[in-house]
Amino acid sequence: MTAQTPARRAPRRPKPPPGSRRYGPVRIVGMAVVWLFTAFNLLLLYWLVAASFKTPIEIFQQPFGLPLHWFQLGNPMRNYLYAWNEAGFGHAFVVTVLLVGAAAVSVVAVGAPAAYALSRLGVRGHGPLTSFFAIGMGVPFQTVIIPLFVAFSKIDLTNSLFGLYLLYVALSLPFTVFLLTGFFRSLPTELEEQAAIDGASPVRTFVRVMLPLAQGGLVTALIINAIGLWNETLLAIVFLQENAKFTLSRALFTFYGAAQYQSEYGGLIAGVAIVVLPMLVMYIVLARRIIGGLTLGAGK
Amino acid sequence: MTSATLRREREETRTARAGSIGAHQRRRRRIFWPFVGPALLLYVLFLAFPTVSAVVLSFTHWAGAGGTPVFNGLDSYRELFGEEAFYDSFRNTLIFLVVGGVGTFVLAFLFTMVLREMRGNKLIRAILFFPNIVAPVALGIFLGFVFKFNPTKQGLANFLVEKIGLPPLKFLQPEHVTWVVVGALIWASAGFYITILMAAVDRIPAYLYEDADIAGASPFQKFRHVTLPLTWDVIGIAGVLWTIHAIKIFELVFVLAGPGTYSPPISTWSLGLYVYDRSFGAGGTPQYGVVCACGVVMILLVSLFVLALRRLMRREAIEY
């Protein structure tokens, strides 16, 4: 959000006078640890990407080497093709994109008006109601999974992507409402008042004035929810039984056992990469926004 | 035209305006329920009501979807507390929560001490944050590769251990795996809390650190006397987030400690895994009453820790 307004920058700190910059032993060790930790993360990422193109022997015996064998055989994408076609990740990918996309858009569409009403309309009782939503963040999914499962099997919503969609939307609401109430509260009131003086109805004010203002927050909420739901596994394991309906994390969970049994390590790593890399790309493009949103939620 | 009529006119316009503001407020209030309603309905239907149901069901005996729940008082809790699997799960969850939490926060604090003054710290933060956007299943499988013990196919960790001439270690044995999970948790979550804390540190005016520099403060003193007091509230919230996250750990343990097709050995379980195995796992008749009791224990544990944290962190807000 602040990323798009380069208007104000803090003045550059004046250079310290020569000789006053101290590099104590603590700082040097600290900096070394930070750099090592960072390098370690990058190394693991390299290992993951490289291994996803390797044969099992290469994975275990040359963990730092570049992949070679499948390239020499002219089939460099062999592991990805295996995971995509044989292990059902291709189908799961489409299912996940549609399910997560629909759920993330829906949760923001339902959560934004609620957050606006709770933070800006000044209706009595908005405080307790906001807290009531926030408490939902503290409920572990495991607590509600049995009542939900039993109720859903009664109305035939288990093993159903629509059922999972409903759950994803509902269970993402506490965080979304929490994040967006914080965001709406931080917006200036002048434009809202101006719209009221101009005679715009409250609904029109919300749609035409507040939503565009809140665009940054809405996009952030959308992305954070999308990442969370993309990675969600427990509900997908419990509520989906049929391979044709598996989401990516669900497919990976199932494939793990089978792949170990068949020593299909290449395909398994490629499966991990198929789950991780889309999020990595999204993260590289939108890191500022994701981090900004999370710290907004936690910082206020 | 007398001054009296003028005054009356002025008063009329004023009341008219006040009236329209009141009407406008009323119209604004009228949209409250239509705006909040859908979210509230979904929330109550799929989260609040099931939570209450779980509490009610925890006082029943219920052998799964075929049977009907029968009220049995505190028997479910008695059964739960009498079970070794529950103790193992409870102990491991506490280890994740407390040891993992202390480790994560100590690491995060250490990093905030040095990171503020480092060049490229935004990039470092982004790299450290990365494990947090990886699905826990994927992270678990990935770490399974890293810590694999197999004389012919050693994982990355044992590859390095053998390189420096030490005998390879069975990292993922039931007796060790809990600590591997703790390590993995600290490694993966530290980035998240570093990011949150650093965002709070960025809001602290630079002159406070400069003053401390002039006074000759060490990095630790700066942390103790500037950073810590001024980020106290954020640390409190971060602690709550950690609690919520740590209670429900499930996938990481399931994948790292077991073969993946069925549950790992009981001594490695977390509460999240207990609930899953006892209701949807492969073994035996499910006991929904006992599982719901475990769910209630989990929610109580969250509440207890959150309340304790708030009590512990209570303090006057510092304005800056």
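Residues numbered from 1 in each chain as written. Chains lettered and ligands numbered in written order. Predicted model: local features only at pLDDT ≥ 70, side-chain atom pairs only at ≥ 80, totals over all residues. Heavy atoms only, no water.

Visitor: How would you sum up a nonpolar patch on the surface? Please name residues and give values.
Guide: All names here are of chain B. A grouping of V98, V99, V102, V106, L110 and W179 is seen on the molecular surface, where their side chains present a nonpolar patch of about 520 Å² in accessible area. Ranked by residue count, the leading element in the nonpolar patch is helix 4 (residues 84-115), at five residues. With respect to the secondary-structure elements, V99 resides in helix 4. (Patch = residues over 30% accessible without salt bridge, like charges linked within 9 Å, V, L, I, M, F, W, Y side chains within 5 Å. Areas by Shrake-Rupley, 256 points an atom, 1.4 Å probe, with all protein chains shown as cover. Salt bridge = Lys/Arg side-chain N within 4 Å of Asp/Glu carboxyl O. Helix = DSSP H or I, 4+ residues; strand = E, 2+ residues; numbered from the N terminus.)

Visitor: I'd like a rundown of the interface of chain A and chain B, residues and numbers included.
Guide: Between chain A and chain B, the residue contacts involve 96 residues of the former and 95 residues of the latter. Each partner contributes to the roughly 8,600 Å² buried at the junction of chain A and chain B, and carbon and sulfur atoms together form 79% of this total. Contact with chain B buries area across many residues of chain A, yet A:F60, A:Q142 and A:I146 alone supply 8% of it, more than any other trio. In this structure, the connection of chain A to chain B is made through zero salt bridges. Considered class by class, the residues forming the side of chain A that touches chain B number 71 nonpolar, 18 polar and seven charged. (Contact = heavy atoms within 4.5 Å. Buried area = accessible area lost by both parts, 1.4 Å probe. Nonpolar A, V, L, I, M, F, W, Y, C, P; charged D, E, K, R; others polar.)

Visitor: How would you sum up the nonpolar core? Please name residues and give values.
Guide: Ranked by internal contacts, the top residues of the largest apolar core, which has 211 residues, are A:I145, A:F184, A:F239, A:L252, A:Y283, B:I141 and B:F145. A per-element tally of this core places helix 8 (residues 174-202) of chain B first, with 18 residues. Counting contributing residues, this core receives three or more from each of domain 1 (2-57) and domain 2 (74-312) of chain B. Sequence-distant contacts of A:F184, defined by excluding residues within four places in its chain, comprise A:A112, A:A115, A:Y116, A:S119, A:R120, A:F206, A:M210 and A:A214. (Core = buried A, V, L, I, M, F, W, Y, C linked by side-chain atoms within 4.5 Å. Buried < 20%, exposed > 50% of the residue type's maximum accessible area, 1.4 Å probe, protein only. Domains from an automatic or database assignment.)

Visitor: Talk me through the packing of helix 7 (residues 141-154) of chain A against helix 13 (residues 271-280) of chain B; I want residue IDs and the actual numbers.
Guide: Relative to each other, helix 7 of chain A and helix 13 of chain B sit at 20°, their axes nearing to 9 Å. Judged by the inter-axis angle, helix 7 of chain A sits roughly parallel to helix 13 of chain B. Here helix 7 of chain A and helix 13 of chain B pass one another in a crossing that is right-handed. Of the residues in helix 13 of chain B, those touching helix 7 of chain A at A:Q142, A:I145, A:I146 and A:F149 are B:G272, B:V275, B:S279 and B:F280. Considered class by class, the residues forming the contact of helix 7 of chain A with helix 13 of chain B number five nonpolar, three polar and no charged. (Axes fitted to C-alpha atoms, helices over the stretch in contact; angles between N-to-C directions. Parallel < 35°, antiparallel > 145°, perpendicular 65-115°, else oblique. Left-handed = near helix turned anticlockwise from the far one by under 90°.)

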